[in-house]
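Structural description and commentary
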Protein chains: 8
Amino acid sequence: MNHEVRKVLEAVKDGGMSVDEALLKIKTEPFADIGYAKVDLHRKVRQGAAEVIYGAGKTPEQISGIADTMKRNGQDVILITRLSPEKAEAVSREHEMTYYEQPGVGIMGVFPVPDGIGKIVVATGGTSDIPVAEEAALTARVLGNEVVRLYDVGVAGVHRLLAHKEEIMDASVIIAIAGMEGALASVIGGLADCPVIAVPTSVGYGASFHGLSALLSMLNSCASGVSVVNIDNGFGAGYLASMINHR
Amino acid sequence: MNHEVRKVLEAVKDGGMSVDEALLKIKTEPFADIGYAKVDLHRKVRQGAAEVIYGAGKTPEQISGIADTMKRNGQDVILITRLSPEKAEAVSREHEMTYYEQPGVGIMGVFPVPDGIGKIVVATGGTSDIPVAEEAALTARVLGNEVVRLYDVGVAGVHRLLAHKEEIMDASVIIAIAGMEGALASVIGGLADCPVIAVPTSVGYGASFHGLSALLSMLNSCASGVSVVNIDNGFGAGYLASMINHR
Amino acid sequence: MNHEVRKVLEAVKDGGMSVDEALLKIKTEPFADIGYAKVDLHRKVRQGAAEVIYGAGKTPEQISGIADTMKRNGQDVILITRLSPEKAEAVSREHEMTYYEQPGVGIMGVFPVPDGIGKIVVATGGTSDIPVAEEAALTARVLGNEVVRLYDVGVAGVHRLLAHKEEIMDASVIIAIAGMEGALASVIGGLADCPVIAVPTSVGYGASFHGLSALLSMLNSCASGVSVVNIDNGFGAGYLASMINHR
Amino acid sequence: MNHEVRKVLEAVKDGGMSVDEALLKIKTEPFADIGYAKVDLHRKVRQGAAEVIYGAGKTPEQISGIADTMKRNGQDVILITRLSPEKAEAVSREHEMTYYEQPGVGIMGVFPVPDGIGKIVVATGGTSDIPVAEEAALTARVLGNEVVRLYDVGVAGVHRLLAHKEEIMDASVIIAIAGMEGALASVIGGLADCPVIAVPTSVGYGASFHGLSALLSMLNSCASGVSVVNIDNGFGAGYLASMINHR
Amino acid sequence: MNHEVRKVLEAVKDGGMSVDEALLKIKTEPFADIGYAKVDLHRKVRQGAAEVIYGAGKTPEQISGIADTMKRNGQDVILITRLSPEKAEAVSREHEMTYYEQPGVGIMGVFPVPDGIGKIVVATGGTSDIPVAEEAALTARVLGNEVVRLYDVGVAGVHRLLAHKEEIMDASVIIAIAGMEGALASVIGGLADCPVIAVPTSVGYGASFHGLSALLSMLNSCASGVSVVNIDNGFGAGYLASMINHR
Amino acid sequence: MNHEVRKVLEAVKDGGMSVDEALLKIKTEPFADIGYAKVDLHRKVRQGAAEVIYGAGKTPEQISGIADTMKRNGQDVILITRLSPEKAEAVSREHEMTYYEQPGVGIMGVFPVPDGIGKIVVATGGTSDIPVAEEAALTARVLGNEVVRLYDVGVAGVHRLLAHKEEIMDASVIIAIAGMEGALASVIGGLADCPVIAVPTSVGYGASFHGLSALLSMLNSCASGVSVVNIDNGFGAGYLASMINHR
Amino acid sequence: MNHEVRKVLEAVKDGGMSVDEALLKIKTEPFADIGYAKVDLHRKVRQGAAEVIYGAGKTPEQISGIADTMKRNGQDVILITRLSPEKAEAVSREHEMTYYEQPGVGIMGVFPVPDGIGKIVVATGGTSDIPVAEEAALTARVLGNEVVRLYDVGVAGVHRLLAHKEEIMDASVIIAIAGMEGALASVIGGLADCPVIAVPTSVGYGASFHGLSALLSMLNSCASGVSVVNIDNGFGAGYLASMINHR
Amino acid sequence: MNHEVRKVLEAVKDGGMSVDEALLKIKTEPFADIGYAKVDLHRKVRQGAAEVIYGAGKTPEQISGIADTMKRNGQDVILITRLSPEKAEAVSREHEMTYYEQPGVGIMGVFPVPDGIGKIVVATGGTSDIPVAEEAALTARVLGNEVVRLYDVGVAGVHRLLAHKEEIMDASVIIAIAGMEGALASVIGGLADCPVIAVPTSVGYGASFHGLSALLSMLNSCASGVSVVNIDNGFGAGYLASMINHR
């Protein structure tokens, strides 16, 4: 990659490319020289210290190969999401990797020292939402954020949540994760002064309709400062939270 | 009606009708002798001191006529729901009636002295939910219940709700009314020890889909003791609350 | 737990805590001193003699451990819902437990003597609704209620239902459970004078859409005194019925 | 039309057209010679004594013109559905017509003497369903059927329905019309031994979703012999009932 | 059963029961004396020569036992629907039964001689709809009807359908079965002069949404005389067709 | 516009712009020099002789102004869609324009001589679909196509359609427009050898759900060569048909 | 308000209230002393220089009264959203106010000097989305942000968007507003390095289903850093953008 | 088949059949003489050099048999879609066949020399959409088209797409395949001057609702010249593209 970046920079220097075009080129085509695979950058994480591989739909060999290429290009920390235990085992034979089974996340390298504005709070309504929460939390940590976990603080026991009002009021960004009625985002949004990223989960049964109930609930939040990502999209929430925490 | 009831009772006395059948007969056909109209009892309110007329789809003349018949049969208090201002004005020319414009409710006679077990709390998430809440509250009062109103205590400002925890913990039944994300029912359900009747409202816009969001949210409540009635069905909630409060 | 409750009461006595706060504290955090796990109380059953563990998503070891803690805190009857046969077998090795396979319910201890106002009738439209009905019935019994079962009394043979009008008119609360067209709640609601809790089930095929048809049908019931819980939520109905039956 | 039919029959006689083709030709193109308009036959009623004009989307002039053509072709009875009061008034200036305002139906000529196998029962759950019921009843009468009306016999008061079991068991076909939870079709289907045509109506509010609730309920009927037509489609039900009653 | 029927008839003779009540009693409770099981009559087939057992959710032992009781009560032909191959094998060890694997139907006894008014045509849009069609066809045959099968005559090749216009115009009732766009019912409805029962199937993928597309299409049919049953409900269509064919 | 195009061409000649970029520039920004308004080109019709203005949401003054600019730039034929009668009248005061009220289309200039490969057939299921059909037909004519109209050839009378098989088999492209069950596209698709563009319309009531039924039906068409545009999108179909007819 | 805040601060000083509790009190109950109305703060904007009144469902008198109270409490800038022209005129008689008709926004006072980190870009897909965009833009300006408007840069003409890549890459936050297919958020998300707040609008027809299409599209964005608010919720987006821009 | 075609042609010669009828006969019943199976022609591909077998729901023996018949009738190239690896292996034992595992496509014979107007571009948003794309591409090639593949050019990295603007502007037809937000069709539609066939895929999770999100997005495309086929319907898109490319 260095080679390609060098060419871009030389073009800028020569006046053959504007600064904006150079930025765009670096941003959108960082891996044009990788041979046997077009690396799926899982929505192109370029902000922090880590790179991301979206594990679903890739063979262990492909994942290993992409990781090799990343490492050769100087990447120290690599995040792999949606990684099944079977694939994780296979990848582990080739690379040193810490595997988190519940969220299906593998991490090569060590978490960088947090360099964000403040802390990212990751809160869940129930224990069943934790896998999604961990995907968010690990994504945030790997991108250089300090993370505070508040799990099982659902609104049916609002005092459990209020017991943590200090963490909530102190947060830089909050990720509120809940299935079923998805009310957590509104209650937290009413307590907090920072952006709240709501993640509906597919936890529930019957009229939860695989997350639709929580999704609609969160979109209709009467609290300000709340926005929503896709059902079960822990990675997306962690990524956006890091973006906001690095303004 | 007296005449018909008398006949039923004589049949019971003569052994020509069982007690159960007599009860059922009295319950299901109390107005068989009314000539020009089959009185729509709006789901047959027989429990308290009041009778109910469902105003939608009836002419002022029909409403007046039905009220006449009710009064002749010894009915002191009559509740009319879904009554438009125009119809209310026409009916008022024939009958002394207090009209509540916001919920579209007319009441003939005075509220009975409450004789329930305890108090019914009627809570709303926002001010726009008040018309539905008033339909519920007036229904409950007319059926002989003491009503406590907690309006605009939505979950986005959970401390407004907590400021009323005494009323909530003291209630015999709670009616939780909310549109948008409908989270009020869950938070109240987590605080209270009594049955909570959740009423989703059509308040909101966009992804509230005319109350669907609040409805799903309430059906998925993670708090125990919560059940749900139809969107905007204040009458149904007030009626059921009265039933529970008169166990 | 005694220890913690004692501390709360002493605080009340000293004036350091109001009565309301004490009630709330006792209600919302009864198990703060349990070490290795945050006990999922399955919506905090504190009303009757029993405690509840929501079995889905817990390992047999966790269930056993939570039950141990409950017992040490003086709990005589413990209800475990959504418990698979495999987990039931494992738990049974550690604890004496009666297991009901169809509804997936395990019970430690004996049913308490009923102390409610009257009887809870549990009615189903068909035989396929029985697992949900048994979850409701066992929940109600474990919480101290007398239960009358009326199974397979669906509206397509309305005389089967009418044959039981005595039980229906005599009930304190009725739980009406049905899939497909879900009409049972309306017909029972028209016969009964007590609250009816409607439970839609996912029984059916095609346009039943996994319980949506029964759910909508029940929400639109033209009978008064009917409210609805989530699809297949037998526990929620049994819990709410017990609450109403213990007013 | 006589001219064209004559040509077809001559072709059959000459062997130039098969009997089936002749039937088909007569059936599908009875009005090919009408000049200024392709007559919308509202689903081509050819079975009974009447012809049908679907009034929605036609001007009074067009309706009058089509009726003229029909009369010139020997048609004695003409049914016009979905006819607004304004158009009815205009058409009445040109033609003698009885207008039924509630269902929006106009009829030219007199009802034929019934010649079906038996009686068609038209039943409704509530009074608001009557306009749809009358469209069905008038369609059936105009096509030569005896009609028995059972209105406001909804399932929330099942004894009102049972009071009419004689009519129900005696019917040749039953049209069951209901909005809200739509349970009427199932209860009648369980009582009757004849085909039941279920018509969901858009009567209701909130979670009735403009008739969707009743529609799904009727499609999932657990009673045999029940089939369903479109929401508010009284004409379709009356037409089909007549077909079955003239087997 | 004879014994119970005798008691009913004697009551009628004695004046202790009206004729209607007697009919109703015979109709709705024919199996009150069966001990160990409440026989699921699969929507009570009493019209023809056969009785029906709904196989889904019953053990082979239960099916065998119910069949035993039916036979002892003089039943010659028994139809078992939704019967898996495994259950069929087990039942076959106890009873002589012909098993049709594709539609999952078992039949004990022989098809009765058809005694309906005319022929029932069973038509499908594609070959994948045949299992549903066979459930309908076998139901109709077992209830005493002559059945004509027109399979794979979907509207995308409308001449395949027109090649059979003789059978279509000759039918007493037509069952039109189709998935995907479900247009078959409309085209047949336009050709035929008899009632058309439309059965949407779950055949298709993507935007067929498990039969929803075909269901909506059939409900909106612009042809008269078409009504609809639940998705994949071959039995219901066959039963209703037989009812109409035996007017 | 000439001025701007000239600049582009000069840049190409000078080597300052590639041919592709020039094409793209001409295509995407033809009206950059219009002062007071960014002309909404209604999806930029550049293929034929005409330009298009999407009338909805524009004032008559804006429409007139845009038309002025177009004319000054040498545009002879201008199509205005979704134009209400009121706006049409106002625009007509400034410009000579033929207005078609039913589809809400205004045309300035004369239809060009058709120069496509063959004929475009526009077919509708019913008469209510004609406004959408005319939007399609006028769009196609204005873009230089010969159009054959086949209106009211719905599948419930399939012989009406077959009477036109010559036109269908002769077509270059067919636009099949239908509401309700939307089956027309499949039947035509099965007869024709050319691309069929299906346009669902919002014609219908009840379970047509404002065009959803026809939309799903058309997407699931079992005929090959059929694709679908948005509900009521006559313009889109006419535009695409012209594109295909000018290959 | 000053008075109440003073009391809170004194309590903090005296040790009678913790800092957190004081913050929460100030945050959640700033207007407890207003007599005749509970001020609807439209999701309590406390972050910037402005206060907000949600105009829908309030009378002009109420709006004026609330504004009076705000001004007396030292509020310089007041934003009123969802304000109809009629109400605006009435309010203008009492207060000096700039009214923006298209988005229905009224502003008392002058825009504060921007004090955010960077610029907020507000982009729309089409011109019909501008009212929602202006609600967002005016909200952001009133809360102290510099706003860059990029209107009508929809993805069907992607070069119009690319022409502004400098503004996009330079933004601190981007609000992407689009109806119909809602693809703008994804394309911008792929170009930008900052958080993108997606606002689906109800612009469109047919299968846009009042914004559902754009909503789902935005929730499924394959670009990272994108989150979504409710349909047409310009205020919510502007508020959240300001929050992020003031980190 | 030759035999049957000969008979048709002789009938035409003799004047016993019109040319149109002959064409229709040849088109709709080419395989009437095949004995043991009615060949599913997968929507009758008659245009190019190849014939198609729809593999889903057929046994390997049936597929082989149909292929035999086709070959005997002179068919050189045969396309088999939706063919699982297991069936492919079985079929390969009888016939020489190239099997493409990812799209589940088998091809007997060699690709014909392309004879279309121009090139068909097949573009996908992501790598997960490739199986659907390959079904489209292979269908197009087998029908005699030159195919250009542009995979993984999703809109979140719009420069990847713009890098291929030459291929896009040069295409005769473009097939745009995408799941999730489905925006690819709009962006390509804005760049291209040729018809764009949009194929939504079921790729995605959560609020993608199995392709519904992409489907709605594509139907609402604001670009002209875009039409849509069913979710995952690669074959349909390839077939239609070939039709357009052979105008």
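This text follows the structure it describes.
Here we summarise the structure given alongside this text. Only a predicted model underlies this, so the values are computations on that prediction, with no experimental measurement involved.

Thresholds, definitions, all that
- Residues numbered from 1 in each chain as written.
- Chains lettered and ligands numbered in written order.
- Predicted model: local features only at pLDDT ≥ 70, side-chain atom pairs only at ≥ 80, totals over all residues.
- Heavy atoms only, no water.
- Helix = DSSP H or I, 4+ residues; strand = E, 2+ residues; numbered from the N terminus.
- Buried < 20%, exposed > 50% of the residue type's maximum accessible area, 1.4 Å probe, protein only.
- Contact = heavy atoms within 4.5 Å.
- Areas by Shrake-Rupley, 256 points an atom, 1.4 Å probe, with all protein chains shown as cover.
- Phe/Tyr/Trp six-rings, centres within 6.5 Å; stacked < 30°, edge-to-face > 60°.
- Lys NZ or Arg CZ within 6 Å of the ring centre and 35° of its normal.
- Expected span 1.5 Å × (residues − 1).
- Pairing = 2+ DSSP bridges.
- Axes fitted to C-alpha atoms, helices over the stretch in contact; angles between N-to-C directions.
- Salt bridge = Lys/Arg side-chain N within 4 Å of Asp/Glu carboxyl O.
- Polar contact = N/O pair within 3.5 Å; in protein donor to acceptor, adjacent residues only side chain to side chain.
- Left-handed = near helix turned anticlockwise from the far one by under 90°.
- Nonpolar A, V, L, I, M, F, W, Y, C, P; charged D, E, K, R; others polar.
- Right-handed = clockwise from strand over helix to strand, strands pointing away.

On to the overall build of chain A. For chain A, the helix and strand inventory stands at ten helices and nine strands. Taking all 247 residues of chain A together, the buried fraction comes to 63%. Considering only contacts within chain A whose residues lie at least 6 apart along the sequence, 67% involve residues at least 24 apart. Approximately 8,800 Å² of chain A is accessible, and the part contributed by carbon and sulfur atoms is 50%.

Per the counting criterion, the structure on display carries eight aromatic pairs over all chains. With centroids separated by 6.0 Å and ring planes inclined at 35 degrees, the aromatic side chains of Phe235 of chain E and Tyr239 of chain E adopt a geometry described as tilted. Of this pair, Phe235 of chain E and Tyr239 of chain E both sit in helix α10 (residues 234–245), separated by four residues, roughly a single helical turn. Taken as a pair, Phe235 of chain E and Tyr239 of chain E share a single burial class, namely buried. Above the plane of the ring of Tyr205 of chain C lies Arg82 of chain E, whose end atom (NZ or CZ) is 4.5 Å from the centre. Positioned over the ring face of Phe111 of chain G is Arg141 of chain G, at 3.9 Å from the centre of the ring.

We now examine helix α5 (residues 130–142) of chain E. Residues and elements named next belong to chain E. The terminal C-alpha atoms of α5 lie 18 Å apart, and with 13 residues this matches the ideal 18 Å at 1.5 Å per residue to within 8%. Across the 13 residues of α5, eleven count as buried, placing the element largely inside the fold. Of the residues making up α5, those classed as buried are Ile130, Val132, Ala133, Glu134, Glu135, Ala136, Ala137, Leu138, Thr139, Ala140 and Val142. Among the residues trailing α5, Gly144 stands out with phi positive, at a value near 90 degrees.

Turning next to the sheet that holds strand β3 (residues 98–100) of chain A. Strand pairs in the sheet, formed through backbone hydrogen bonds, run parallel or antiparallel to each other. Residues and elements named next belong to chain A. Reading across from one edge, β1-β2-β4-β3 is the order of the four strands in this open sheet, with mixed pairing throughout. Of all the strands in the sheet, just β1 (50–54) and β3 have a single pairing partner and so form its edges. Here the average twist between neighbouring strands, direction ignored, is 20 degrees. Two elements, strand β2 (residues 77–81) and strand β4 (residues 105–108), share three bridges in a ladder whose sense is antiparallel. By the bridge assignment for β4, Ile78 is matched with Met108.

The next subject is unusual backbone geometry. The backbone of Phe209 of chain B sits at a positive phi, close to 45 degrees, despite the residue not being glycine. Secondary-structure assignment places Phe209 of chain B in the loop between β8 (196–200) and α9 (212–219). On the accessibility criterion, Phe209 of chain B (22% relative accessible area) is partly exposed. The phi angle at His210 of chain C is positive, at roughly 60 degrees, despite the residue not being glycine. Examined against the element boundaries, His210 of chain C turns out to sit in the loop between β8 (196–200) and α9 (212–219). On the basis of relative accessibility, which here comes to 65%, the residue His210 of chain C falls in the exposed class.

It is worth spelling out the pattern of salt bridges at this point. Across all of its chains, the model carries 32 salt bridges over all chains by this definition. Its salt-bridge partner being Arg160 of chain F, residue Asp152 of chain F comes within 3.4 Å of it at the nearest N-O pair. The closest approach of N and O atoms between Arg82 of chain H and Glu135 of chain H, which form a salt bridge, is 3.3 Å. With Arg82 of chain H in the loop between β2 (77–81) and α4 (85–94) and Glu135 of chain H in helix α5 (residues 130–142), the pair connects residues that are 53 residues apart, well separated along the chain. When its relative accessible area of 4% is taken as the criterion, Glu135 of chain H is described as buried.

Residues and elements named next belong to chain E. The strand order across the open sheet built from four strands is β1-β2-β4-β3, with neighbouring strands paired in mixed fashion. Each end of this open sheet is capped by a strand with a single partner; those strands are β1 (50–54) and β3 (98–100). Recorded for the sheet is a direction-independent mean angle of 20 degrees between the axes of neighbouring strands.

Residue and element names in this part refer to chain A. Position of Lys58 relative to the elements: it lies in the loop between β1 and α3 (60–72). Residue classification places Lys58 among the buried positions, given a relative accessible area of 11%. A polar side-chain atom of Lys58 sits 2.9 Å from the main-chain carbonyl oxygen of Tyr54.

All names here are of chain E. In a regular helix each residue adds 1.5 Å, so 13 residues correspond to 18 Å; helix α3 (residues 60–72) covers 18 Å between its end C-alpha atoms and thus fits that length. Along α3, the positions that sit buried rather than exposed are Pro60, Ile63, Ser64, Gly65, Ile66, Ala67, Thr69 and Met70. Close packing links the buried residues of α3 with β1, β2 (77–81), α4 (85–94) and β4 (105–108). Just past α3, the residue Gly74 takes up positive phi, approximately 90 degrees.

Residue and element names in this part refer to chain H. It is the contact of α5 with helix α10 (residues 234–245), at a shortest axis distance of 7 Å, that shows an interaxial angle of 35 degrees. In this structure, α5 meets α10 at a crossing whose hand is right-handed. Taking contact as the criterion, the partners of Val132, Glu135, Ala136, Thr139 and Ala140 in α5 are, on α10, Gly234, Phe235, Gly238 and Tyr239. Looking at the contact of α5 with α10 residue by residue, the class counts come to five nonpolar, three polar and one charged.

A few words now on the pairing of strand β7 (residues 173–178) of chain G. Residues and elements named next belong to chain G. The element β7 is largely enclosed, with a buried count of six among its six residues. Residues Val173, Ile175 and Ile177 line one face of β7 and the alternating positions Ile174, Ala176 and Ala178 line the opposite face, and both faces are buried. Alignment of strand β5 (residues 119–124) against β7, held across five bridges, turns out to be parallel. Counted as the bridge partner of Thr124 is Ile177 from β7. Pairing geometry for β7 and strand β8 (residues 196–200), over five bridges, is parallel. When the bridges of β8 are listed, Ile177 appears paired with Val199. Assessed by its sense of winding, the connection that carries the chain from β7 through helix α8 (residues 184–191) to β8 is right-handed.

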